[in-house]
Amino acid sequence: MIKIYGSFVSRATRNLWMLEELGLEYEHVSLDWAKQENRSAAYLKINPAGKVPTLEDGDATLSESLGINLYLVQKYGQGGLWPDDDAGRALCVQWSFWAAAELEPLAYGRIREFLFKKEPDRDQALIANMAERTGPLLDLMTLALDEHAYLSGETFTVADLNAACVMEYLDRSDFDLSGWPKVAAWYTNTYGRPANQKIQDQRAPIAADMMKRLQG
Amino acid sequence: MITLLGKAISRSARCLWALEEVGVQYEHKPLDYATGDAKTPEFTAINPGAKIPALIDGDVAMFESLAINLYLAQTYGKGALWPDDAAGQAQCLQWTLFSVTEAEPPGSTRLVQFIFKSKEERSQEVIDAAAERSKAPLNTLETTLQSQSYLAGDSFTVADLNVACSVEYFVRTNFDLSPWPKVKDWIARCMDRPAFQAMTAIKAKEAA
Ligand SMILES: N[C@@H](CCC(=O)N[C@@H](CS)C(=O)NCC(=O)O)C(=O)O
Ligand SMILES: N[C@@H](CCC(=O)N[C@@H](CS)C(=O)NCC(=O)O)C(=O)O
């Protein structure tokens, strides 16, 4: 049975969403990073870096949330979230890496300010600078969405799932997407899929607790 | 025909290395982002973000250097750069993402500081922060390389190639890797490969 390690308030939700999309059976092992459960000797054997998420599937063990999604989709999502044609597949890999290389540093850099600092301590200059650098990325997404309904073509694929997982940080930190209506509509439609809704519903109470702890 | 777009002295070098490894025929168009080459309709049709590299192969048109390398490995490197077993393939995906999320940020910070900035423009604070941030990914690599000679097992795969693309930045900026002897040995083996040397020769020719 597939095992996914990492709590609902970690990047493991990216993989839980994918597992739900693919309709796979899996065991979810929630490690609480506030309690250092990801640093236990048993977990360090599975992932020496002590980070979550990690996936186990038969002989295969891997970390890196977006890489796990590419692994799952290539193995279990043929013809669906993983397109049949080479051109579509290339775009799925491309957008996944774009999300990791270009979008995540800015989106994560932003949400860190919102999560781990209280309002008066936030670095407003940094937030503004990152927002400015995010604009061209949203322009680029808009151009792709001018061509087709989803990032890699006319159907929802791992390209959308992986990009939306990272966009989530902008959404949770109230980034104003109104200048990019196509991106905003794509995000609502993608992020709101029933498979993700199921995960977000389970996450909500745990996240609320965490926010109380972090923001007081 | 495969076409790689982007001058060699850029992240295109990563894809030149992969192309040389898989040994397919390709055409190289050394477009320069600084001169507007990447703003032509031919290029922006592939990457409207106007960043190099990009690749065309029949119907396939894509950007993102390490994604291109995964595509090349999966398409032309079966049984070699792209291992046959699911466990090895999983490792290739993991390490390629690791390269982007963990190893490249401190590596490219060093590259910018040491290669693109003059001595006066350099910030010791930024260099020190990058050195601090380098430790965790280098420790992770060291731990893995203690029990196997390459990242996805006992042979060179796209996992090594893609991580080496980031670790190479540390070598080029004379970062002291001696606290990570396995990493030091591994990156030397990667950079010794004939395909890496072929890519270096293309860069040298371009610089001349
Ligand atoms: N690039 C990795 C990042 C993983 C990561 O940083 N995970 C965090 C939680 S979301 C973590 O485990 N932090 C605990 C630690 O670093 O000790 C991924 O996408 O999976
Ligand atoms: N994440 C991208 C980064 C591409 C990138 O930033 N390329 C640089 C050259 S190495 C570029 O074209 N810069 C031009 C610009 O930013 O306008 C990749 O790995 O391909």
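Caption draft 1: Molecular detail of the site of ligand 1. Looking at ligand 1, the residues that line it are Ser 10, Arg 11, Arg 14, Asn 38, Arg 39, Lys 51, Val 52, Pro 53, Glu 64 and Ser 65 of chain A together with Thr 101 and Glu 102 of chain B. Residue neighbours of ligand 1 fall on chains A and B, so the site bridges chains. Separating a nitrogen atom of ligand 1 from a side-chain N or O atom of Glu 64 of chain A is a distance of 2.9 Å. Here ligand 1 loses 80% of its free accessible area of 510 Å² to cover by the protein chains. Partitioned by chemical class, the residues of the shell around ligand 1 number two nonpolar, four polar and six charged.

Caption draft 2: Expanded view of the sheet that holds strand E1 (residues 2-5) of chain B. Residue and element names in this part refer to chain B. Pairing in this open sheet of four strands is mixed, and the strands run E2-E1-E3-E4 from one edge to the other. Edge positions in the open sheet fall to strand E2 (26-29) and strand E4 (60-63), since each of these has one partner strand only. Neighbouring strand axes in the sheet, compared pairwise and without regard to direction, differ in orientation by 15° on average. Sheet topology places E1 next to E2; four bridges connect them, and they run parallel. Its bridge partner being in E2, Leu 4 is matched across the sheet by His 28.

Caption draft 3: Representation of the nonpolar core within the structure. Grouped together as the largest cluster of nonpolar side chains are 132 residues, with contacts concentrated most on Met 141, Met 167 and Trp 186 of chain A together with Trp 17 and Trp 186 of chain B. No other element matches helix H4 (residues 86-116) of chain A, which puts 15 residues into this core. If we skip the residues at most four places from it in the chain, Trp 186 of chain B touches Leu 145, Ser 149, Tyr 150, Leu 151, Asp 160, Val 163, Ala 164 and Val 167 of chain B.

The rules behind the values
- Residues numbered from 1 in each chain as written.
- Chains lettered and ligands numbered in written order.
- Predicted model: local features only at pLDDT ≥ 70, side-chain atom pairs only at ≥ 80, totals over all residues.
- Heavy atoms only, no water.
- Near = heavy atom within 4 Å.
- Polar contact = N/O pair within 3.5 Å; in protein donor to acceptor, adjacent residues only side chain to side chain.
- Areas by Shrake-Rupley, 256 points an atom, 1.4 Å probe, with all protein chains shown as cover.
- Nonpolar A, V, L, I, M, F, W, Y, C, P; charged D, E, K, R; others polar.
- Pairing = 2+ DSSP bridges.
- Helix = DSSP H or I, 4+ residues; strand = E, 2+ residues; numbered from the N terminus.
- Axes fitted to C-alpha atoms, helices over the stretch in contact; angles between N-to-C directions.
- Core = buried A, V, L, I, M, F, W, Y, C linked by side-chain atoms within 4.5 Å.
- Buried < 20%, exposed > 50% of the residue type's maximum accessible area, 1.4 Å probe, protein only.
- Contact = heavy atoms within 4.5 Å.

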